[in-house]
Every structure is written in structure tokens, then in C-alpha cells.
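The residues making up each chain are set out below.
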Amino acid sequence: MKTPARLYCPVPRLALSLIAPMIMGLGIASDAAAQKTYRWTDEQGQVHFSDLPPPPTARKKEEKQYNVGGSDNTPSFAVRKAAGNFPVVLYSSDNCGDLCVSARDLLKKRGIPFSERKIVTAEDMAAYRERLGAPEEVPAVTIGTLTQKGFDGGRWNRMLDDAGYPRTALPGAAATPDPATPAPTTPAPATPAPTAPAPTQ
């Protein structure tokens, strides 16, 4: 019985020299695509985000791994860090119209995670005044401790830049805002029903 002949397909040395770096590159790219982010709270209660492990004194340590460039709508490390230090809150009302739409679109296009609070009740109005003061104008935004009344695209972008948010969102990472909720209530005497703040022009 004859032994089947073995097939031999020679690979030119030039081809090997080209393929080897490609295989190594795939391994490196796979490691680079997976990024770890650490979240912890320090002794003063301040929340931190970093790509470096937290110090031994850190409390409430969390470690997460994200795939960069994937289709899971995961925000970048820069966005997560900025959101931890400078959370964004959008204030709006039902009669805000196109100005609130423009403000919301700006945040979404930049991939900014944000929560939206609608001014509906007297308690909402009181919470607005406590946070931003009078007069009441919408849309308004708070970025950490920074506040801005009225929509001004240039001003809002500069504030977001200063807070460390990237100018453009990663592909497939458009922001999804938290459902609009009333502003936190604060104890206050009963007041007449509020008049919704007029949108600024």
C-alpha cells in the first residue's frame, strides 16, 4: 500500500518577513483594545477615575475593562474621568422649544453623559434657584461647580473643554441622557404654582 504523498507549499522568505510582524501586531492591538479603568474613593470621599491602580488607602475600589472602538457604546476613559469629576446636568422646561433641543444635541454629538432635570413644580423651581440663582432661564447647564444660563454653543463648548471632555465622541459612542427627572426637592414653605421659566433668546 502506497503512502499518500505529502503536499508541500513553500512560503517565500519575503512573505514570512511580512506576515510575522502582522501577527505580532494583532496581538499588540488586542491588548491595546482592552483598557482598564479604576474607580475609587479617597479618604475625603472624593471619587477618582484613572487608568492606574488605586493607592492602598483607597476605598470602594472598582475595576472595569472596556473594549476601545467596539460597538458597545462605552465612553472613552477621558469621558468617564471628566464625568466623574465634572458631572453635567441640563435644566429644561416644557416650553423651552428649539433652544433646549439645540442644547441637548450639542451634548449628544460630543458624547457627553448627562442628566436632564425639567422645571415643573414649585419644588423644582426652588431647587433651580438654590443651584443657579435668579432669574430662572432655560436651558441652563451645570458642569461640576460651573453654571451657565441660556444656550450659547461657544460658551458651553469651552466649559466642556475646560472640564476635560473630548471635542468629538468615539464612533458609536453617542451619549444617551438619563431620563428627564424633576430637580431634587428641598424643604420650603408652600408657594403658588410656578410660571415656567421662559427660554432665553
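Here is a short report on the structure shown in this document. In this convention, every chain numbers its residues from 1, walking through the sequence in written order. The predicted nature of this model means local features are confined to residues of pLDDT at least 70 and side-chain atom pairs, given and counted, to a pLDDT of 80 or more, with totals for whole chains, interfaces and linings taken over all residues. Side-chain metrics in this entry use all non-hydrogen atoms of the structure; hydrogen atoms and water are not considered.

1. Comments concerning the pattern of salt bridges
Pairing of side chains with opposite charge becomes possible as their charged atoms draw close.
Thought 1: What makes a salt bridge here is a side-chain nitrogen of Lys or Arg within 4 Å of a carboxyl oxygen of Asp or Glu, nothing more. Considering all chains together, one arrives at five salt bridges under this definition.
Thought 2: With its nearest N and O atoms 3.2 Å apart, the salt bridge here joins Lys-118 to Asp-94. In this pair, Lys-118 is assigned in strand S5 (residues 114–118) and Asp-94 in the loop between strand S4 (88–92) and helix H3 (98–109), connecting sequence segments 24 residues apart.
Thought 3: Between buried and exposed lies partly exposed: a residue is buried under 20% and exposed over 50% of the maximum accessible area for its type, with that area taken using a 1.4 Å probe on protein chains only. Using a relative accessible area of 28% as the deciding quantity, one classes Lys-118 as partly exposed.
Thought 4: Asp-161 is the salt-bridge partner of Arg-110, the closest N and O atoms lying 2.9 Å from each other. Of this pair, Arg-110 sits in the loop between H3 and S5 while Asp-161 is found in helix H5 (residues 153–162), placing the two residues 51 residues apart along the sequence.
Thought 5: Owing to a relative accessible area of 29%, Asp-161 belongs among the partly exposed residues under this scheme.
Thought 6: Among the charged side chains, a salt-bridge network with shared partners connects Arg-110, Asp-161 and Arg-167. Secondary structure is summarised from DSSP: a helix means a run of H or I of at least four residues, a strand means a run of E of at least two, and numbering begins at the N terminus for each.

2. Focus: the packing of aromatic side chains
Geometrically, a pair of aromatic rings is defined through the distance of the ring centres and the angle of the planes.
Thought 1: Any two rings among Phe, Tyr and Trp, with Trp reduced to its six-membered ring, count as a pair given centres within 6.5 Å; such a pair is stacked if its planes are under 30 degrees apart, edge-to-face if over 60, and tilted if neither. Under the counting rule described, the total for this entry stands at two aromatic pairs.
Thought 2: Between Tyr-91 and Tyr-128, the aromatic rings sit 5.6 Å apart at their centres with planes inclined by 90°, giving edge-to-face as the arrangement. Of this pair, Tyr-91 sits in strand S4 while Tyr-128 sits in helix H4 (residues 122–132), placing them 37 residues apart in sequence. Both residues of the pair, Tyr-91 and Tyr-128, belong to the buried class.

3. Here we look at H5
Thought 1: Where H5 is concerned, the buried positions are Gly-153, Trp-156, Asn-157, Met-159 and Leu-160. The buried residues of H5 occupy an angular sector of 160° when the element is viewed end-on, so they sit on one face.
Thought 2: Where H5 is buried, its residues touch S4, H3, strand S6 (140–143) and strand S7 (146–149).
Thought 3: Think of a polar contact as two N or O atoms within 3.5 Å of one another; within protein, one of them needs to be a possible hydrogen donor and the other a possible acceptor, and neighboring residues in sequence only count if both atoms come from side chains. Its side-chain oxygen at 3.2 Å from the backbone nitrogen of Gly-154, Asp-152 defines the N-terminal cap of H5.
Thought 4: One or two positions beyond H5, positive phi appears at Gly-164, with a value near 95°. Each direction from the helix axis to a C-beta atom contributes to the arc, which is the arc of those directions. Contacts are residue-level and defined by heavy atoms, with any inter-residue pair within 4.5 Å sufficient.

4. Some thoughts on the state of the cysteines
Thought 1: Working definition: a disulfide is two cysteine sulfur atoms within 2.5 Å of each other. All chains considered together, the criterion is met by one disulfide.
Thought 2: What pairs with Cys-96 in a disulfide is Cys-100, and their sulfur atoms sit 1.9 Å apart. Judged by the torsion about the S-S bond (85°), the Cys-96/Cys-100 disulfide is right-handed.

Everything listed is a geometric property; what it means functionally is a separate question.
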